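# Working through the structure, step by step
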Amino acid sequence: MIKLPRVRVQDSKGQYDETLTCIDFGSFSRSIEMNQTHQIEFTANNDNSLGYQLLQNENYLIFDDQKYHIKQADKEDSNRDIKRSISATHIWFDSQYVYQYDKIKGDKTVTAADLMSFVFDKNSLGNNGFTWEIVGDIPKVQVTDYGEKSGLDCINDCIEKFNLVVVPDNKHIKLVAMDNWKHKTNKAFRYIHDTPEFKVSIDTTELQNIVMCYGKTKDKDSSSTSDPVDSETGTAVGTVNTMDPDGVAVYSTPGDEATIVQHLPNGSHWLVDSKRTIDSNVYYRVSSNGWVSDKDITFDKTGDIKPENHIITDVLGRGTIKAADNTSATDNTGTVTDDGSTTEHQAPTEANVYDSPWSPQTKTRILANGTPWRINGEVTEGALGKTWYRVSTNEWVAEEDFDFSGDGDIQPKELDKPDTDDVDDTSDDETEYYFDPFIVKDQKSIDEWGSRPGAPISDERFNDVNSMKEYALSSMKSEPEVNISITYNGDEKLLLGDMAYIEVKPENFTTWATVTAVKDNPLSYNNQPEISLDSTPQTLIDYELSIQNSIRSVRGVASSAMSAVDTLAGNSWGSGTITRKVGEVDD
């Protein structure tokens, strides 16, 4: 007698572990789809067992040595029929609760292992017990400011960017290259023999074989480098932030790779006193003759001090002084003095005026609450990271000490700058590319299906025509999507990634295809899995050949039938059996 597998339930705190006796075996379903779905569902009848009571949201199920997280436990009580509908997802989807808030600053060339290590291993919040490995020959890709991702986001990025497949074993995530994941087997699906149902659908809805390509754009006046713009930052402190094992490069001439003088270790802190901007690229000075890119230094770590903005913006507005209460008091009950008496907390009645919006500052006078003042200048991210307003020559008040809710108050706004000329030079609006936009055609697809132009492709990663062309050809859906689904009642155990031989004699169809999804009921003695198989160019070729063979077969039968009719007619005429026209009447 076949022994069916058991299903166990555990509570989220690990206090209980019970074998379920309440499952309606006929309702049990396990669904696994490549990179998409991995869950079990069933209906449980109330048998007054502890296991039934443990079927609650966020508890766990153990089945086939794999752990599942209960996400739905719907109660369905009707006419004293008490039951619950349970849906649980595989524990690997809990990787969504691993989160990396940091970023890999700038443009970096990385592997899948780099991304997984950054999110799971270099995470200050921990990895929630997840481990991982990469299998296969994996290429490198470029990412920009990668981070602020969950573990699940990272896994999905690896799937998309590196063409990988997730093979989970509880909390161990194995990411396998597609070519390694697919493997030929001796398994076969033969229609009628062990495959009672066979379905093939071909979808040409999204077919495209012609596309316009746009590559990387050039900055205006990119042929000439603008003059560097230097500005002060005050006394700032930044933290070096890099994935490069050598550390962050320090340039004697900002941006010139030939002038690297040293490397700074990741996580080290450095004083910054000025900023240099070259063609929108920003560098900070960390020594008398040393500069680092803003992509390699951050100012949001513990102990960091953000650079000050030493640019004054001309604005116009009017505000009323209302000094900010920056004391540590949390209420107005007052404070207790040494003699035990209580003094009532008093909100400030006047605001300080300083000689500069940048550090160091000197207090020059005070302004009383309720007095209105005209504002004609603004500095954001000034001293203490605050915004400052200019109320007279060399006199500045913090934004937090102003109120703009009065009837006569006007929120400061930047003054409109006059046009420098009235010439309509439309050439400035033209976009310049590293190569001229061009059209790519998949001629093989056009010959087979006709011309199918579609939406253009624009990608800033490419400044080379050949690379852009290869990417465009790989991105277009130049062949129809072929979907194969079957019902299997054979004895073979089917696993995702298995390549099996398919034979459908009535359709003259044979091919190889890979199992990409399985839906089955392992708790049923009459388990007939529903199988989905991949679509490949060879699958489509095999299907078209089967159609041609069927057409030839039908034409052959039709030709034989016509020959038989001709022969019968000839024999009948010669024998005199047919001697008159239909409807002819003798006189």
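Quantities reported herein were computed from a predicted structural model and do not represent experimental measurements. (Residues numbered from 1 in each chain as written. Predicted model: local features only at pLDDT ≥ 70, side-chain atom pairs only at ≥ 80, totals over all residues. Heavy atoms only, no water.)

## Focus: the overall build of the protein chain
Spelled out, the test is: Where helices and strands are cited, they refer to DSSP runs of H or I of at least four residues and of E of at least two residues respectively, numbered from the N terminus. Residue exposure (1.4 Å probe, protein chains only): buried if accessible area is under 20% of the type maximum, exposed if over 50%, otherwise partly exposed. A contact between two residues is defined here by any heavy atoms of the two lying within 4.5 Å. A 1.4 Å probe and the Shrake-Rupley method give the accessible areas. Residues count as covered only by the protein chains that appear here.
A tally of helices and strands in the protein chain yields seven helices and 38 strands. Burial analysis of the protein chain (587 residues in total) assigns 37% to the buried set. Taking the intrachain contacts of the protein chain between residues at least 6 apart in sequence as the baseline, contacts between residues at least 24 apart amount to 66%. Carbon together with sulfur atoms contributes 46% to the accessible area of the protein chain, which is approximately 34,900 Å² in total.

## Some words on the pairing of strand β33 (residues 438–441)
The side chains of a regular strand alternate, residue by residue, between the two faces of the sheet. Operational definition: DSSP calls a pair of strands paired once it identifies at least 2 bridges connecting them.
Residue alternation in β33 divides its side chains into a buried set, Phe-438 and Val-440, and an unburied set, Ile-439 and Lys-441. Pairing of strand β15 (residues 210–214) with β33, which is carried by four bridges, proceeds in the antiparallel orientation. The partner of Cys-213 across the bridge, within β33, is Phe-438.

## Quick word on the side chain of Asp-157
As for its placement among the helices and strands, Asp-157 is situated in helix α3 (residues 151–162). Judged by its relative accessible area of 13%, Asp-157 is buried. If near-sequence neighbours (up to four positions away) are discounted, Asp-157 is found in contact with Tyr-146, Lys-149 and Phe-162.

## Concerning the packing of aromatic side chains
When we look at a pair of aromatic rings, we describe it by the centre distance and by the angle of the planes. Our working definition: Under the pairing criterion, centres of Phe, Tyr and Trp rings, with the six-membered ring standing for Trp, must be within 6.5 Å; the plane angle then separates stacked pairs below 30 degrees from edge-to-face pairs above 60, leaving the rest tilted.
Here the structure, examined in full by the defined rule, presents 15 aromatic pairs. Relative to Trp-388, the ring of Tyr-354 has its centre 5.7 Å away and its plane inclined at 90°; by these criteria the two rings are edge-to-face. With Tyr-354 in strand β26 (residues 350–354) and Trp-388 in strand β29 (residues 388–392), the pair connects residues that are 34 residues apart, well separated along the chain. Judged by relative accessible area, Trp-388 falls into the buried class, the value being 2%.

## Let's talk about the sheet that holds strand β34 (residues 457–458)
Heads up, the rule is: Axis definition: a line fit to C-alpha positions, over the contact stretch in the case of helices; interaxial angles, taken between N-to-C directions, run 0 to 180 degrees.
An order of β33-β15-β34 is seen for the three strands of this open sheet, with the pairing classed as mixed. Either end of the sheet is taken by a strand with one partner, and the two such strands are β33 and β34. Sheet topology note: the β15/β34 ladder contains two bridges and is parallel. In the strand pairing of β34, Tyr-214 is matched with Ser-458. Docked against the sheet, helix α6 (residues 465–475) engages β15, β33 and β34, running at close to 45° with respect to β33.

## Let's talk about the pattern of salt bridges
Here is the rule we go by: Salt bridges are counted wherever a side-chain nitrogen of Lys or Arg sits within 4 Å of a carboxyl oxygen of Asp or Glu.
Under the definition given, this model contains 16 salt bridges. Salt-bridge contacts for Asp-296 lead to Lys-108; the nearest nitrogen and oxygen are separated by 3.9 Å. Of this pair, Asp-296 sits in the loop between β21 (290–293) and β22 (297–298) while Lys-108 is found in strand β8 (residues 99–110), placing the two residues 188 residues apart along the sequence. Using a relative accessible area of 23% as the deciding quantity, one classes Lys-108 as partly exposed. The residue Lys-149 makes a salt bridge to Asp-157 at a minimum N-O spacing of 3.2 Å. Taken together, the shared-partner salt bridges in this structure form one network comprising Arg-30, Asp-64 and Asp-520.

## Digging into the environment of Cys-22
Among the structural elements, Cys-22 can be located in the loop between β2 (17–19) and β3 (29–33). Residues Cys-22 and Asn-46, spaced 24 residues apart in sequence, show a C-alpha to C-alpha distance of 6.4 Å. If we ignore the near neighbours within four places in the chain, the residues touching Cys-22 are Thr-43, Ala-44, Asn-45, Asp-47, Tyr-52 and Leu-55.

## Let's talk about the pairing of strand β36 (residues 498–504)
Of all seven residues making up β36, six are buried, and the element is well covered by its neighbours. Pairing between strand β13 (residues 183–190) and β36: five bridges, direction parallel. If you follow His-183 over to β36, its bridge partner there is Asp-498. Pairing analysis gives six bridges linking β36 to strand β37 (residues 509–520), with the strands arranged antiparallel. Within β37, the position partnered with Tyr-501 by the bridge is Trp-512. Counting the residues in the hairpin turn of β36 and β37 gives four residues, including Asn-508, whose phi is positive at 55°.

## Quick notes on the environment of Ser-288
When you line up the elements, Ser-288 lands in the loop between β20 (281–287) and β21. For Ser-288, a relative accessible area of 72% gives the class exposed. Through-space distance from the C-alpha of Ser-288 to that of Asp-273 is 9.7 Å; in sequence the pair is 15 residues apart.

## Some details on the sheet that holds strand β12 (residues 172–177)
Ordered in space as β9-β12-β11, the three strands form an open sheet in which the pairing is mixed. Of all strands in the sheet, those with a lone pairing partner are β9 (131–135) and β11 (164–169), marking the two edges. The sheet shows a mean angle of 20° between the axes of neighbouring strands, taken without regard to direction. Pairing of β11 with β12 involves six bridges; the strand directions are antiparallel. The residue of β12 that forms the bridge with Pro-168 is Ile-173.

## With respect to the confidence of the model for the protein chain
In regions of low pLDDT, the predicted coordinates are not meant to be interpreted in detail. To keep it simple, the criterion reads: Every residue carries a pLDDT, the predictor's confidence in it, which falls somewhere between 0 and 100.
Here the protein chain averages 83 in pLDDT, and 84% of its residues register 70 or above. Across residues 328–333 the pLDDT falls below 50, and counting only partners more than four positions away or on other chains, this stretch makes five contacts in the model. For the stretch residues 573–584, pLDDT sits under 50, and the model shows four contacts to residues farther than four places along the chain or on other chains.

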